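Below are the chains, spelled out letter by letter.
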Amino acid sequence: MAGLWMLIAWGAPVVAAMAAGLWLYFNIDPRYGRNLHWRIEPAEIDDAELPAVVIVVPGRNEAEHLPTSLAELCEQDYPDLLVIFVDDASADATPAITAELKATYGERLEVVRNDVEPPAGWVGKPWAIEQGLRRLRAMERGGRARVAHLCFTDADLHWSADCLRSAMAHAMAERADV
């Protein structure tokens, strides 16, 4: 009887781990890192149906990643998109790189330079996100931006060209709300 309990005690976690491994193997696209295949094909939704989206990207000393990651965000196959990058007091080449990207992508990319230390009770990344949201509110008041949905991402992540369109199509199909 003790052997049966040992088999259950050790066998169940092993079987669960194997099942999880198989699930991950069949549900992750190695071309884009972690990318689960729950996607709705982007062609299933018309541009006119897609709501305005603003993506806020905080980053500090991300010069290595920005030429690719911000370009991927700005080049999303999405009609009404604004990307706000908040440079959180970077000491590397981030300001120069974001200036080049701003020149390339124009009004689709807004760059905020944050040299202000967070007030008491705040820490780095949330404070940088707050600075991005403050810029967005100012842009809305000035008629330069409109937003129906907010998205937050890190500056070192990679996005496939149809990632946002697919995610919004899925959210709309599922009537997702926050």
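This is a predicted model, so every value here is computed, not measured.

Student: So what's going on with the pairing of strand β2 (residues 81-88)? Residues and values would help.
Tutor: Burial analysis of β2 places eight of its eight residues in the buried class, the great majority of the element. Side chains L81, V83, F85 and D87 project from β2 onto one buried face, and the interleaved L82, I84, V86 and D88 project onto a second face that is buried too. In this sheet, β2 lies alongside strand β1 (residues 53-59) in parallel orientation, the contact comprising seven bridges. Opposite V56, over in β2, you have I84 as the bridge partner. Note that the unit made of β1, helix α2 (residues 66-74) and β2 has a crossover that is right-handed. For the handedness criterion, the β-α-β arrangement of β2, helix α3 (residues 94-105) and strand β3 (residues 109-114) is classed as right-handed.

Student: So what's going on with the confidence of the model for the chain? Residues and values would help.
Tutor: Of all residues in the chain, 75% attain a pLDDT of 70 or more, and the chain-wide mean is 81. Confidence scores differ between elements of the chain, with helix α1 (residues 2-27) showing the lowest mean pLDDT of 55 and α3 the highest of 96.

Student: Got a sec to walk through the nonpolar core? Specific residues and values, please.
Tutor: The biggest cluster of nonpolar side chains holds 25 residues, and the ones touching the most others in it are V53, I55, V57, L70, V83 and L164. At the level of elements, β1, α2, β2, α3 and α5 (163-173) are the ones that each hand at least two residues to this core. Among the elements that take part in this core, α2 stands out by supplying five residues, more than any other. Look past the residues within four positions of V53 in its chain and what remains in contact with it is Y78, D80, L81, L82, H149, C151, L164 and M168. If you look at the next biggest cluster of nonpolar residues, it comprises 11 residues, including V56, A128, L136 and A145.

Definitions and cut-offs
Residues numbered from 1 in each chain as written. Predicted model: local features only at pLDDT ≥ 70, side-chain atom pairs only at ≥ 80, totals over all residues. Heavy atoms only, no water. Buried < 20%, exposed > 50% of the residue type's maximum accessible area, 1.4 Å probe, protein only. Helix = DSSP H or I, 4+ residues; strand = E, 2+ residues; numbered from the N terminus. Pairing = 2+ DSSP bridges. Right-handed = clockwise from strand over helix to strand, strands pointing away. pLDDT = per-residue confidence, 0-100. Core = buried A, V, L, I, M, F, W, Y, C linked by side-chain atoms within 4.5 Å. Contact = heavy atoms within 4.5 Å.

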